[in-house]
Amino acid sequence: MEETIKTAYIESIKNIRRGDKEEELKKIQQKIINAKKIVVATNNQKKFKVIRDIMLRVCNAEIKMLNMDTRFADLTRMPAVTKGLIAVDVEEADLYIARGRLGVPGSGSMLVILDDKGRILTASLSPSPVIHKEDIGERIKREIIDALRRVGIRV
């Protein structure tokens, strides 16, 4: 992954980068599919179960819940990303999945999948529940499937 990122950085510096490449996408897919341990940054059993059930259809990983309250991440500018980074800081894993508010209150939510260095591999956004009016479990299911689809992983 590091070499792929370095190559993309150099292309950007030289002003020759023209978008994502298939081999970059394949690296992300491999990182997700080959994960052996995944930490979900929540202590909400319902949210965890939805994410776990979908991820077990994609990879053969040990999937555990971060047994830590992450509500204080709501005090930051990017709560979903902050929750994921908290998990990176306190647990060792190949992948981290976090879901929370996108930004300011009312901005909707984000589900994000990060690698072991806290780099975002993929994500999915949802509108505020005031707009979508769906059950939280169903909405999270849509978000995780959408995040995986964005990098070419079909569930």
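Above this text sits the structure in question.
**Q** Quick question: what am I supposed to make of the layout of surface pockets here?
**A** The method is simple in principle: a probe with the dimensions of a water molecule rolls over the atoms, and the space it marks as empty is what remains. Space inside the largest pocket adds up to approximately 370 Å³. Elements that contribute at least two residues to the lining of the largest pocket include exactly helix H1 (2-13), helix H2 (22-33) and strand S5 (120-126). Partitioning the lining of the largest pocket into residue classes produces eight nonpolar, one polar and seven charged. Volume-wise, the second largest pocket comes out at about 200 Å³. A total of three residues in the lining of the second largest pocket trace back to one element, the largest contributor, which is strand S3 (residues 95-101). Considered class by class, the residues forming the lining of the second largest pocket number three nonpolar, six polar and five charged.

**Q** Explain the nonpolar core here, please?
**A** Nonpolar side chains in soluble globular proteins tend to be buried together. With 25 residues, the main nonpolar core has Ile32, Ile38, Met55, Ile113, Ile144 and Leu148 as its most contacted residues. For this core, the secondary structure elements donating two or more residues are H2, strand S1 (37-40), helix H3 (45-55), S3, strand S4 (109-115) and helix H6 (136-149). By residue number, the principal contributor to this core is H3, which donates five residues. Every residue in contact with Leu148, bar those within four places of it in the chain, is listed here: Ile32, Ile54, Met55, Val58, Ile113, Ile153 and Val155. Ala41, Leu66, Leu114 and Ala123 belong to the second largest nonpolar core, which has 16 residues in total.

**Q** Would you take a moment to explain helix H4 (residues 79-90) for this structure?
**A** Within an α-helix, residues lying three or four positions from one another point in the same direction, as the helix has 3.6 residues per turn. With 12 residues, H4 extends 17 Å between its outermost C-alpha atoms, agreeing within 8% with the 16 Å of an ideal straight helix rising 1.5 Å per residue. Inspection of H4 places Pro79, Ala80, Val81, Lys83, Gly84, Ile86, Ala87 and Val88 among the buried residues, and these make up the whole buried set. On its buried face, H4 sits against S1, S3, S4 and S5.

Quick notes on the rules
- Residues numbered from 1 in each chain as written.
- Predicted model: local features only at pLDDT ≥ 70, side-chain atom pairs only at ≥ 80, totals over all residues.
- Heavy atoms only, no water.
- 1 Å grid on protein atoms, 1.4 Å probe; cavity = no way out; pocket = protein on both sides within 12 Å on 5 of 7 lines; lining within 4 Å.
- Points joined across faces, edges and corners; volume = space filled by probe spheres on them.
- Helix = DSSP H or I, 4+ residues; strand = E, 2+ residues; numbered from the N terminus.
- Nonpolar A, V, L, I, M, F, W, Y, C, P; charged D, E, K, R; others polar.
- Core = buried A, V, L, I, M, F, W, Y, C linked by side-chain atoms within 4.5 Å.
- Buried < 20%, exposed > 50% of the residue type's maximum accessible area, 1.4 Å probe, protein only.
- Contact = heavy atoms within 4.5 Å.
- Expected span 1.5 Å × (residues − 1).

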